[in-house]
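So the chains spell out like this:
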Amino acid sequence: MAFSLLTATANWPIIGQISWLLGKVMNFIYTILDSVLPGDNGLVGLSIIFYTIFVYTLMLPMTINQQRSTKMMSVINPEVQAIQKKYKGKTDNESMQRQNVEMQAVYEKYGTSMTGGCLPLIIQMVILLALYRVIYNIPAYVPSVRVYFDNVVTPLMSQADYIDKLQGITDIMKAAAVNSLDKFDFTSANKLVDLLYKFTPAQWTELQNLFPGIASVIAENEATIRQMNTFLGLNMAEAPGWVPSFAWLIPILAAVTQWFSTKLMSGQQPKMDSDNVAAQSMQTM
């Protein structure tokens, strides 16, 4: 779901700007960890953890405000429903205007509004999409990680036949996430960095075999990249296979915690009246 949303919102300027800013934050975290921890083992995984904690802490005031809004709705809803019942079946303009005025008075009485709870949710959604975008493509936003990919891309692009050879790599279209190689710009260093970030260990090995002249450079930087991406014995750049492993626990735990969080939030939501358009919008959000 998150990745489909990332694709749909890829051209939203606000997402790109927040992603750039959060990328600076993650780069700072990575730099600090790199200076205090020996070697490169698990630095990306640790950076993601601290980065995520930072972003969720940043959103904590909005989360608290959203919780308050939700509880307030449970107090307001009976009065709103009473007003709706009072004007039920009355569709003339005068009655509708009176209903709106009385409902607005109720919201003002409690110091809130019909859409007060929606704005924090929208802001949180934008921030979370930016958070996922940085994690999904770390080299594009974290210079301290990108440098190792540039160390490969720069000499790679100096090879006269690098495009033809790259197009021959197994599953290259899958790694490039495109339907046709004609749509992938092999002359763009940024695109090549994005491509290498999705390479599996087998594809890195194949890359070395295709370019023996720079094989040592590729191997050296790939080893560093692998160390950075290895966390708790797992290479985060490689998708888990069908053989049961510890990696299976990650999506399972993610699904369980998300389900529990959703149930907890939905359990706090007041029962919405079917005629209350604002309440329906709140419930949808």
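Residues numbered from 1 in each chain as written. Predicted model: local features only at pLDDT ≥ 70, side-chain atom pairs only at ≥ 80, totals over all residues. Heavy atoms only, no water.

Chemist: How would you summarise the overall build of the protein if you had to cite specific residues and measurements?
Modeler: Helix and strand content of the protein: 15 helices and two strands. Within the span of the protein, comprising 285 residues, buried residues form 36% of the whole. Looking at the protein alone, contacts between residues at least 24 apart form 68% of all its contacts between residues at least 6 apart. When the accessible area of the protein is evaluated, it comes to approximately 16800 Å², of which 62% is carbon and sulfur surface. (Helix = DSSP H or I, 4+ residues; strand = E, 2+ residues; numbered from the N terminus. Buried < 20%, exposed > 50% of the residue type's maximum accessible area, 1.4 Å probe, protein only. Contact = heavy atoms within 4.5 Å. Areas by Shrake-Rupley, 256 points an atom, 1.4 Å probe, with all protein chains shown as cover.)

Chemist: Residue-level account of the packing of helix H2 (residues 13–36) against helix H8 (residues 143–157), with values.
Modeler: As a packed pair, H2 and H8 sit with axes 8 Å apart at the nearest point and diverge in direction by 80°. Looking at the two axes, H2 sits roughly perpendicular to H8. Of the residues in H8, those in contact with Asn27, Tyr30 and Thr31 of H2 are Pro143, Ser144, Val145 and Tyr148. Looking at side-chain class alone, the contact of H2 with H8 contains four nonpolar, three polar and no charged residues. (Axes fitted to C-alpha atoms, helices over the stretch in contact; angles between N-to-C directions. Parallel < 35°, antiparallel > 145°, perpendicular 65-115°, else oblique. Nonpolar A, V, L, I, M, F, W, Y, C, P; charged D, E, K, R; others polar.)

Chemist: So what about the packing of aromatic side chains? Which residues, and what values?
Modeler: All chains considered together, the criterion is met by two aromatic pairs. The interplanar angle of 75° and the centroid separation of 5.9 Å between the aromatic rings of Phe199 and Trp204 together place this pair among those described as edge-to-face. Of the two residues, Phe199 and Trp204, both sit in the buried class. (Phe/Tyr/Trp six-rings, centres within 6.5 Å; stacked < 30°, edge-to-face > 60°.)

Chemist: Can you lay out helix H4 (residues 60–86) for me, pointing to particular residues and giving the numbers?
Modeler: With 27 residues, H4 should cover 39 Å at 1.5 Å per step; its first-to-last C-alpha distance of 39 Å lies within 8% of that length. When the local axis directions of H4 are compared, the greatest deviation, roughly 40°, occurs at Ile76, which is followed within four positions by the proline Pro78. For H4, the full list of buried residues reads Met62, Gln66, Gln67, Ser69, Thr70, Met73, Ile76, Asn77, Val80, Ile83 and Gln84. (Expected span 1.5 Å × (residues − 1). Bend = angle between axes of the 7 residues up to and from the residue.)

Chemist: Which residues make up the pattern of salt bridges, and what values do they have?
Modeler: Under the counting rule described, the total for this entry stands at five salt bridges. For the salt bridge of Glu102 with Lys86, the shortest nitrogen-to-oxygen distance reads 3.2 Å. Note that Glu102 is positioned in helix H5 (residues 93–109) and Lys86 in helix H4, a separation of 16 residues in sequence. With a relative accessible area of 49%, Lys86 lands in the partly exposed category. A salt bridge links Arg226 to Glu222; its shortest N-O distance comes to 2.8 Å. (Salt bridge = Lys/Arg side-chain N within 4 Å of Asp/Glu carboxyl O.)

Chemist: Quick rundown of the nonpolar core? Include the residues and the values.
Modeler: Counting 43 residues, the largest nonpolar core has Leu166, Trp204 and Leu207 as its most contacted members. For Trp204, the contacting residues outside a window of four places in its chain are Phe149, Val152, Leu196, Phe199, Ile218, Glu222 and Ile225. Grouped together as the second largest cluster of nonpolar side chains are eight residues, Met73, Ile83, Tyr87 and Tyr107 included. (Core = buried A, V, L, I, M, F, W, Y, C linked by side-chain atoms within 4.5 Å.)

Chemist: I'd like to hear about a nonpolar patch on the surface, residue by residue, with values.
Modeler: Residues Trp248, Leu249, Ile252, Leu253 and Val256 make up a contiguous nonpolar surface patch of roughly 460 Å² in combined accessible area. Mapped onto the secondary structure, Leu253 falls in helix H14 (residues 249–268). Given a relative accessible area of 53%, Leu253 falls into the exposed group. (Patch = residues over 30% accessible without salt bridge, like charges linked within 9 Å, V, L, I, M, F, W, Y side chains within 5 Å.)

Chemist: Account for the environment of Tyr30, with residues named and values stated.
Modeler: With respect to the helices and strands, the residue Tyr30 is situated in helix H2. Once the C-alpha coordinates of Tyr30 and Gly45 are considered, the two residues, 15 residues apart in sequence, prove to be 9.7 Å apart.

Chemist: Explain helix H3 (residues 43–58) to me, and be specific about the residues and the numbers.
Modeler: Across its 16 residues, H3 extends 22 Å between first and last C-alpha, which sits within 8% of the 22 Å expected from 1.5 Å per residue. Residues of H3 that are buried include every one of Leu43, Val44, Gly45, Ser47, Ile48, Tyr51 and Val55, and no others.

Chemist: Outline the confidence of the model for the protein, supporting the account with residue identities and numerical values.
Modeler: Per-residue confidence for the protein averages 78 on the pLDDT scale, and 76% of its residues sit at or above 70. The element-level mean pLDDT for the protein is lowest in helix H1 (residues 2–8), coming to 48, with H8 highest at 94. With pLDDT under 50 throughout, residues 1–5 is counted as low confidence; its partners more than four residues away or in other chains account for three contacts. (pLDDT = per-residue confidence, 0-100.)

Chemist: Help me get a handle on the environment of Leu43, residues and values and all.
Modeler: Relative to the helices and strands, Leu43 is located in helix H3. Taking the C-alpha atoms as reference, Leu43 lies 8.0 Å from Gln227; in sequence the two are 184 residues apart. In this view, Leu43 contacts Tyr30, Leu33, Asp34, Leu37 and Met228; residues no more than four positions away in its chain are not counted.

Chemist: Give a description of the side chain of Asn27 that names residues and reports values.
Modeler: Mapped onto the elements of the fold, Asn27 is located in helix H2. Contact partners of Asn27, with chain neighbours within four places excluded, come to Val142, Pro143 and Ser144.

Chemist: Report on the packing of H2 against H3, specifying residues and quantitative values.
Modeler: Running from N to C, H2 and H3 point in directions that differ by 130°, and their axes come no closer than 9 Å. The angle between H2 and H3 falls in the class oblique. Of the two possible hands of crossing, H2 and H3 adopt the one that is right-handed. Across the interface between the two elements, Leu22, Val25, Met26, Ile29, Tyr30, Leu33 and Asp34 of H2 pack against Leu43, Val44, Leu46, Ser47, Ile48, Phe50, Tyr51, Phe54 and Val55 of H3. The class makeup of the residues in the contact of H2 with H3 is 14 nonpolar, one polar and one charged. (Left-handed = near helix turned anticlockwise from the far one by under 90°.)

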